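Listed below, chain by chain, are the residues.
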Amino acid sequence: MQTISDNNSSAIREIFGTDKALIGMIHCSPFPGAPRYRGTSVDAIYDVAMRDAEALIEGGLHGLIIENHGDIPFSKPDDIGPETSAFMSVVTDRIGRATGIPMGINVLANAPIPAFAIAMAGGAKFIRVNQWANAYVANEGFMEGRAAEAMRYRSALRAEHIKVFADSHVKHGAHAITADRTIEELTRDLAFFDADVVIATGQRTGNSATVEEIDTIGAATHLPLLVGSGVTKDNIVEILKRTNGVIVASSLKEGGVWWNPVELSRVKAFVEAARPGLEA
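Rules used in this analysis
- Residues numbered from 1 in each chain as written.
- Predicted model: local features only at pLDDT ≥ 70, side-chain atom pairs only at ≥ 80, totals over all residues.
- Heavy atoms only, no water.
- 1 Å grid on protein atoms, 1.4 Å probe; cavity = no way out; pocket = protein on both sides within 12 Å on 5 of 7 lines; lining within 4 Å.
- Points joined across faces, edges and corners; volume = space filled by probe spheres on them.
- Helix = DSSP H or I, 4+ residues; strand = E, 2+ residues; numbered from the N terminus.
- Nonpolar A, V, L, I, M, F, W, Y, C, P; charged D, E, K, R; others polar.
- Buried < 20%, exposed > 50% of the residue type's maximum accessible area, 1.4 Å probe, protein only.
- Arc of directions from axis to C-beta.
- Contact = heavy atoms within 4.5 Å.
- Phe/Tyr/Trp six-rings, centres within 6.5 Å; stacked < 30°, edge-to-face > 60°.

Visitor: Looking at this structure, how should I read the layout of surface pockets?
Guide: Summary: where empty space remains is shown by rolling a probe the size of a single water molecule over the atoms. Here the second largest pocket is characterised by a volume of approximately 280 Å³. Lining the second largest pocket are 16 residues; nearest its centre among them are His27, Ser29, Trp258, Trp259 and Asn260. Among the elements that take part in the lining of the second largest pocket, helix 2 (residues 42-59) stands out by supplying four residues, more than any other. Tallied by class, the residues present in the lining of the second largest pocket amount to eight nonpolar, four polar and four charged.

In structure tokens:
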């Protein structure tokens, strides 16, 4: 079994000041330009994100990821308009100035270049990328890893301080085109392409990675390992035994549904349940 002592947790400690981090997800409302946007004022969009951020922080989480999850159906990277970066930069800047908590950026679908720009503009510490190396077939179609161009863009911005959190065997897709390579090999490719943290996921939003998959991924990398979906107060301690932390969203929302507001009582109950795993 992979344990925390087996991992180099420097990126997690550098960003969050702890070896095991609880990271909450801000699922932003649809931005102007997205199919589900219905004319809501931009201030109302920002206020919704801020209320979720405040509840997650008051509940005791260590950090946040800001994501354009309301922009369903997601565009492929080259089709994402500049308006997405503009609105997400404002959200990030406002939350950062109000809270001072470490933040990350995930631009869906699989868009690390806009994510680096937003992180640089808004003061975020890291980006999340669902397919950093290799390729897979996502809901949006064929999705290539974009590590090479993204790292060159990061260098051009002089943004080497912004870390890369990369998913291994990411959810919401089929990996048939890499089926002749093991999960261990795919995980090692993330470090080879200079990712800083590896993320294990289940099959879809709200679905947890299995213990077996977490252990397989953890054993294949020296990088810090997070679990990035399906984390609840019932499985958090077992997950923390094997990882450097979690990214949590749906289980902290009203009714446990990702598109609902964050519920403070759920956040507090989750953090309390996580405490033995954090202190171990």
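Visitor: How do you make sense of helix 6 (residues 183-192) when you look at a structure like this?
Guide: Helical geometry note: an α-helix holds 3.6 residues per turn, so side chains three or four residues apart project in the same direction. Three or more residues of helix 6 are buried, namely Leu186, Thr187, Asp189 and Leu190. Each buried residue of helix 6 sits inside an arc of 150° when the element is viewed along its axis, so together they form one side. Tucked into the core, helix 6 has its buried residues touching strand 7 (163-168), strand 9 (197-200) and helix 7 (211-219). One or two steps after helix 6, the chain reaches aspartate 194, where phi turns positive at roughly 70°.

Visitor: What's the story with the packing of aromatic side chains in this structure? I'm lost.
Guide: Aromatic ring pairs are defined here through the distance separating the ring centres and the angle between the ring planes. Summed over all chains, the structure comprises five aromatic pairs. Each ring, one from phenylalanine 31 and one from phenylalanine 87, has its centre 5.9 Å from the other, and the planes form 10°; the classification is stacked. One end of the pair, phenylalanine 31, is in the loop between strand 1 (21-27) and helix 2; the other, phenylalanine 87, is in helix 3 (residues 82-99), with 56 residues separating them in the sequence. Since its relative accessible area comes to 18%, phenylalanine 87 is described here as buried. Considering the side-chain rings of tryptophan 258 and tryptophan 259, the 5.6 Å spacing of their centres and the 85° angle between planes classify their relative orientation as edge-to-face. The structure contains a cluster of three or more aromatic residues connected by ring pairs, namely Phe16, Phe126 and Phe165.

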